[in-house]
Amino acid sequence: MEDKFDCIIVGGGIAGLSAAMVCAQNNLRFLLVERGEFCGAKNVSGGVLWGTELARLVPDYWKAPDAGFERFIRHRRLTFMDEQSAFSLDFKSDHFDQPPYAGITVLRAKFDNWLASKVEAAIEASAFADESFLVPDVLVEELLLESGAVVGIRAGEETFYADCVILAEGVNNLLTRQIGLQPEYVPADYVAVGVKEVIRFDQKVLEDRFQLQDRSGLSNEFVGFASQGVEGGGFLYTNLDTVSVGLVLGMKDLREKGGPKPYDLLDTFKRHPAVADMLRGGESLEYAAHVVSTGDIRALPKEVYADGVLVTGEAAGLLLNSGKAIQGMDYAMHSGILAAEAVAAAKQDEDFSAASLKRYRDALDASYLMQDMRGFQDAVHLLHSPAMFQAVPNLFCDFGRQFFTIDNAPTRKASAMLKDSIRKHSSFLEMMKLGFKARKL
Amino acid sequence: MTIAERLGTVSYRNQGRNDASAHIHVDTDICNSRCPHKGTTYMCPANCYTVDAEGLVHFQVEDCIECGTCMYACDQGAVTWKYPDPEQGLGVTWNLG
């Protein structure tokens, strides 16, 4: 056995494991190190994994009874809230209920661990079955450099060398910062904090309450009262016999508002009548929190590659909330795959210089991922504007309350009701401006 | 649900180990002398940063769930944030995540 790997992957989350899968499939000799007790042990997400790419890594994964996902998204809902009301856009379709499913709910400690087992199987089937490894409980403290190029990692007293390193270390990307691809201090403007609880129900109760058939599930996002004036929103996703419920809160706005605390906001959100009705009788199994990037393109590392190194997933700031969905895990998967493909091509050329690894940047730019991130920056900014999480939800709920109220008085025209709601919570000028911006959604 | 009850649902590593090393160091002199917002005390999702009756900031690492919030909440240079050592450090193991 040579003393050098083709590739070292730092981080056993979705980006790292997806890269590892492609490395194994391309018969590369690699080492993946994960600082947790197992892959997934340190990972938190909302979370829905959108897109169909998992089927590319693990064909027909839905057929296995022990597959690591929770439910397929068949029912989607976007809810605008004020203190008492919930006004929803609701879409349910059997179109969503067939393979390859384009959205699955996951719990990361379970899902990532399962995906790691699939990578282990791919290693077994590769040319380097005894020379590629997934190793948990290893913390990479620093990247090793020679003449400016990344050549390996140091973990405690031990060093490991490789032709190149794929960083999949997540949003708190200390190694990406070490080599100067990201500034040492990342300001609060470009990150949010997610807080969530996983709440358990009897599976039958859950399925009846949310009208779930077999393994179908619901994804519900919330704006407005959910975050009580703080930039951000709420989410609720159905798992097999649990529900993931939480908030994502803009870090800068949270600091400027001076409170309340994230978990107190979560409590108030859970007490909203529309949410409380869904959660009644559940038992809270685990509280979790994690920083999440906001998808603002200004916060991306200055480059996603350098001599001997590639940056993937949230370590590279790859995440987008365009208003249709929060896409982080599919971006992690896609970028992990592209990075490993670039490494495989670089191996063919025996060239791991920045010039060679630029092919990763090119592939990323050509993919749906960077096209969407660039194309939806206006949407990102719109969704972070105060009107979207204050005036708009209040206005919708006010209108809804008028529209759906039937009393023994002459009924007014809907247009008159809408005018009233706009005057009460905003202005026609504001709404026109917003409407103009919303063309970009 | 109180924050204490919430944190009671979290599985921590190396808890109760006397020689466990801290992965976050906070220079609370900075918090208490020149920070205009003391943001960590109301932004940390694990309530690791608290304010006492005299208005002084205190930090304890034992409840830390490694989310990273304080690294961004603090813009005064008071927080030195590293990942915990798997063998000797504190930190979490998520059961669900």
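So, a few notes on the structure that sits alongside this text. (Residues numbered from 1 in each chain as written. Chains lettered and ligands numbered in written order. Predicted model: local features only at pLDDT ≥ 70, side-chain atom pairs only at ≥ 80, totals over all residues. Heavy atoms only, no water.)

### Some remarks on the interface of chain A and chain B
As a reminder of what qualifies: For this analysis, residues touch if any pair of their heavy atoms sits within 4.5 Å. Accessible area that two parts lose when put together, evaluated with a 1.4 Å probe and summed over both, is termed the buried area. We define a salt bridge as a side-chain nitrogen of Lys or Arg found within 4 Å of a carboxyl oxygen belonging to Asp or Glu. Only DSSP runs of H or I reaching four residues or more are called helices, and only runs of E reaching two or more are called strands; each is numbered from the N terminus. Only Asp, Glu, Lys and Arg are considered charged, only Ala, Val, Leu, Ile, Met, Phe, Trp, Tyr, Cys and Pro nonpolar, and every remaining residue, Gly among them, polar.
Taken together, the 51 residues of chain A in the interface contact 38 residues of chain B. Looking at the side of chain A facing chain B, the largest losses of area belong to Arg255(A), Glu286(A) and Tyr287(A), adding up to 19% of the total buried there. Across the chain A-chain B interface, the total number found is 7 salt bridges. Arg35(A) serves as the salt-bridge partner of Glu66(B), at 2.5 Å between the closest nitrogen and oxygen. At the level of secondary structure, the elements contributing two or more residues to the side of chain A that touches chain B comprise α3 (108-124), α4 (174-178), β11 (191-200), α6 (251-257), α7 (262-271) and β15 (283-293) of chain A. Top element by residues in the side of chain A that touches chain B is β15(A). It accounts for 8 residues. Of the residues in the side of chain A that touches chain B, the class split is 28 nonpolar, 8 polar and 15 charged.

### Examining the nonpolar core
To keep things clear, this is the line we draw: Joining through side-chain atoms within 4.5 Å is the link that ties buried Ala, Val, Leu, Ile, Met, Phe, Trp, Tyr and Cys residues into a set, and such a set is a nonpolar core. Remark: exposure states derive from per-residue accessible area (1.4 Å probe, protein chains only) relative to the maximum for the residue type, with buried under 20%, exposed over 50%, and partly exposed in between.
Counting residues in hydrophobic clusters, the biggest one holds 88 residues, and the most contacted among them are Phe30(A), Leu54(A) and Tyr61(A). Of all the elements, helix α9 (residues 329-349) of chain A adds the most residues to this core, at 12 residues. In this structure, Leu54(A) is in contact with Leu49(A), Tyr61(A), Ile104(A), Phe111(A), Trp114(A), Leu115(A) and Met333(A), ignoring residues within four places of it in sequence. Formed by 68 residues, the second largest nonpolar core is a distinct cluster that contains Met251(A), Leu265(A), Leu90(B) and Trp94(B).

### Here we look at helix α1 (residues 14-25) of chain A
Residues and elements named next belong to chain A. The condition is simple: Each residue after the first adds 1.5 Å to the expected span of a helix.
Between its first and last C-alpha atoms α1 spans 16 Å; for 12 residues at 1.5 Å apiece the expected length is 16 Å, and the two agree. The element α1 is extensively covered by neighbouring structure, given that 11 of its 12 residues are classed as buried. Turning to α1, its buried residues number three or more, namely Ile14, Ala15, Gly16, Leu17, Ser18, Ala19, Ala20, Met21, Val22, Cys23 and Ala24.

### Regarding the side chain of Arg6(B)
As a reminder of what qualifies: Polar contact criterion, stated in full: a pair of N or O atoms within 3.5 Å, where within protein one must be able to donate a hydrogen and the other to accept it, and residues adjacent in sequence count only if both atoms are side-chain atoms.
Secondary-structure assignment places Arg6(B) in helix α1 (residues 3-7). We classify Arg6(B) as buried; its relative accessible area is 0%. For Arg6(B), the side chain forms a polar contact with the main-chain oxygen of Met1(B), separated by 3.5 Å. Discounting residues that sit within four places of it in the chain, Arg6(B) has contacts with Glu197(A), Tyr263(A), Leu266(A), Asp267(A), Lys270(A), Tyr287(A) and Met1(B).

### Quick look at the packing of aromatic side chains
Centre-to-centre distance and the angle between the planes together describe a pair of aromatic rings. Short version of the rule: Only the six-membered ring of Trp is used, alongside the rings of Phe and Tyr, when aromatic pairs are assigned; centres must lie within 6.5 Å, and planes under 30 degrees apart are stacked while those over 60 apart are edge-to-face, with the rest tilted. Whether a charge sits over a ring depends on NZ of Lys or CZ of Arg being within 6 Å of the ring centre and within 35 degrees of the ring normal.
Tallied over the entire structure, the rule returns 18 aromatic pairs over all chains. Here the aromatic rings of Phe91(A) and Phe96(A) are separated by 5.7 Å at their centres, their planes lie at 65°, and the arrangement is edge-to-face. Here Tyr49(B) and Phe59(B) contribute two aromatic rings whose centre-to-centre distance is 4.7 Å and whose plane-to-plane angle is 45°, an arrangement assigned as tilted. Here the residue Tyr49(B) occupies a position in strand β2 (residues 49-51), and Phe59(B) occupies one in strand β3 (residues 57-59), the gap between them amounting to 10 residues. For Tyr49(B), a relative accessible area of 1% gives the class buried. Look at Phe59(B) and you get partly exposed, because its relative accessible area is 23%. Directly above the aromatic system of Phe69(A) lies the positively charged group of Arg215(A), at a separation of 4.0 Å from the ring centroid.

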